Amino acid sequence: MNNEPFLTLTPPVIILSNPQLGENIGAAARAMKNCGFAELRLINPRDGWPNLDAEKMATHASDILQATKVYPDLVSACFDITQLFATTARPRELKKKVLDPRMAAQSVVDEQKRQKSEDKDFKLTEETSEQHSFKAAFLFGSERVGLVNDEIVFADFIVEAHLNPKSNSLNLAQAVMIMCWEFAMIAARP
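Residues numbered from 1 in each chain as written. Predicted model: local features only at pLDDT ≥ 70, side-chain atom pairs only at ≥ 80, totals over all residues. Heavy atoms only, no water.

S.K.: Looking at this structure, I do not really get the sheet that holds strand 4 (residues 83-87). What am I missing?
M.R.: In a beta sheet, neighbouring strands are held together by backbone hydrogen bonds and run either parallel or antiparallel to one another. Strand order across the open sheet formed by seven strands is 3-2-1-6-4-7-5, with parallel pairing between neighbours. Because the sheet does not close on itself, it has two edges, and the strands there are strand 3 (69-71) and strand 5 (97-99). Direction aside, the axes of adjacent strands within the sheet are offset by 25° on average. Looking at chain direction, strand 1 (residues 13-17) and strand 2 (residues 40-43) are connected through four bridges and run parallel. Residue Ser17 lies in a different strand from strand 2, and its bridge partner there is Ile43. The strands touched by helix 1 (residues 22-34) within the sheet are strand 1 and strand 2, with strand 2 carrying the most contacts at an inclination of about 155°. Lying over the sheet, helix 8 (residues 172-187) contacts strand 1, strand 4, strand 6 (136-140) and strand 7 (157-159), oriented at roughly 155° with respect to strand 6. (Pairing = 2+ DSSP bridges. Helix = DSSP H or I, 4+ residues; strand = E, 2+ residues; numbered from the N terminus. Axes fitted to C-alpha atoms, helices over the stretch in contact; angles between N-to-C directions. Contact = heavy atoms within 4.5 Å.)

Given below as structure tokens:
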């Protein structure tokens, strides 16, 4: 078995806003684990937390579920997030930069590399480095309605996958997988 780290960079936090089904939370955790992600945050899960149905679907990702934190709202869930990417299938009339999943992942990778370079150049102390730490998150909405505009307004970027316009709605775990996969394909490179 290969014990080397799978990713060379820190993956974004996954935030699920108002998720409904425990099965989808568990499947999202499983997708995260497959791609080397570890931090899951939930905002007001409809069926409460912890959730037995999530555990049944998580397969080998129980550590992610056990470490999952629950928050009452988006602001508190993003207390340490410096860059937020809101995923959506619907076009929005908001003045936000729209990226596809690959562009969003590349943006996170580029910012982490830039920060590491600056940290090395300035030999920042651990305390100073933490104050200037970059931490990204991918935000997903509920299964029923996705993200609402009030949540998207809070984000730095909108992420839209270019899918069939007649059928572009994804299951929550599928959407999480796409975002995690795109990041993993870039961050796992030497």
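S.K.: Help me understand the packing of aromatic side chains, please; the structure alone is not making it clear to me.
M.R.: Remark: the centre distance and the inter-plane angle together describe each pair of aromatic rings, the angle taken between the planes. The tally for this structure, following the rule as stated, stands at four aromatic pairs. Each ring, one from Tyr71 and one from Phe79, has its centre 6.3 Å from the other, and the planes form 40°; the classification is tilted. Judged by its relative accessible area of 15%, Tyr71 falls in the buried class. Residue Phe79 is classed as exposed on the basis of its relative accessible area, which comes to 56%. These aromatic residues form a ring-pair network of at least three members: Phe85, Phe138 and Phe157. (Phe/Tyr/Trp six-rings, centres within 6.5 Å; stacked < 30°, edge-to-face > 60°. Buried < 20%, exposed > 50% of the residue type's maximum accessible area, 1.4 Å probe, protein only.)

S.K.: Sorry, what's going on with the pattern of salt bridges here?
M.R.: If charged atoms from side chains of opposite charge come close, those side chains can pair. One pass over the structure, following the stated rule, counts eight salt bridges. Asp63 is paired through a salt bridge with Lys33; the nearest N and O atoms lie 2.7 Å apart. Within this pair, whereas Asp63 is found in helix 3 (residues 62-67), its partner Lys33 is found in helix 1, the two being separated by 30 residues in sequence. For the salt bridge of Asp80 with Lys135, the shortest nitrogen-to-oxygen distance reads 3.0 Å. You can see Asp80 sitting in the loop between helix 4 (74-77) and strand 4 and its partner Lys135 sitting in the loop between helix 6 (126-131) and strand 6, a full 55 residues away along the chain. Exposure remark for Lys135: the relative accessible area of 26% places this residue in the partly exposed category. Taken together, the salt bridges that share partners define one network made up of Glu39, Arg41, Asp80 and Lys135. (Salt bridge = Lys/Arg side-chain N within 4 Å of Asp/Glu carboxyl O.)

S.K.: Help me understand the environment of Cys180, please; the structure alone is not making it clear to me.
M.R.: Looking at the secondary structure, you find Cys180 in helix 8. Taking C-alpha positions, Cys180 is 7.2 Å from Phe37, a pair spaced 143 residues apart along the chain. When neighbours within four sequence positions are excluded, Cys180 is seen to be in contact with Ile14, Ala31, Met32, Cys35 and Phe37.

S.K.: How should I be thinking about helix 8 in this particular structure?
M.R.: Each full turn of the α-helix corresponds to 3.6 residues, which orients residues three or four apart in the same direction. Helix length check: helix 8 (16 residues) gives 23 Å between terminal C-alpha atoms against 22 Å at 1.5 Å per residue, within 8%. Two or three places before Ala173, at the start of helix 8, stands the capping residue Asn171, its side-chain oxygen 2.8 Å from that residue's backbone nitrogen. (Expected span 1.5 Å × (residues − 1). Polar contact = N/O pair within 3.5 Å; in protein donor to acceptor, adjacent residues only side chain to side chain.)

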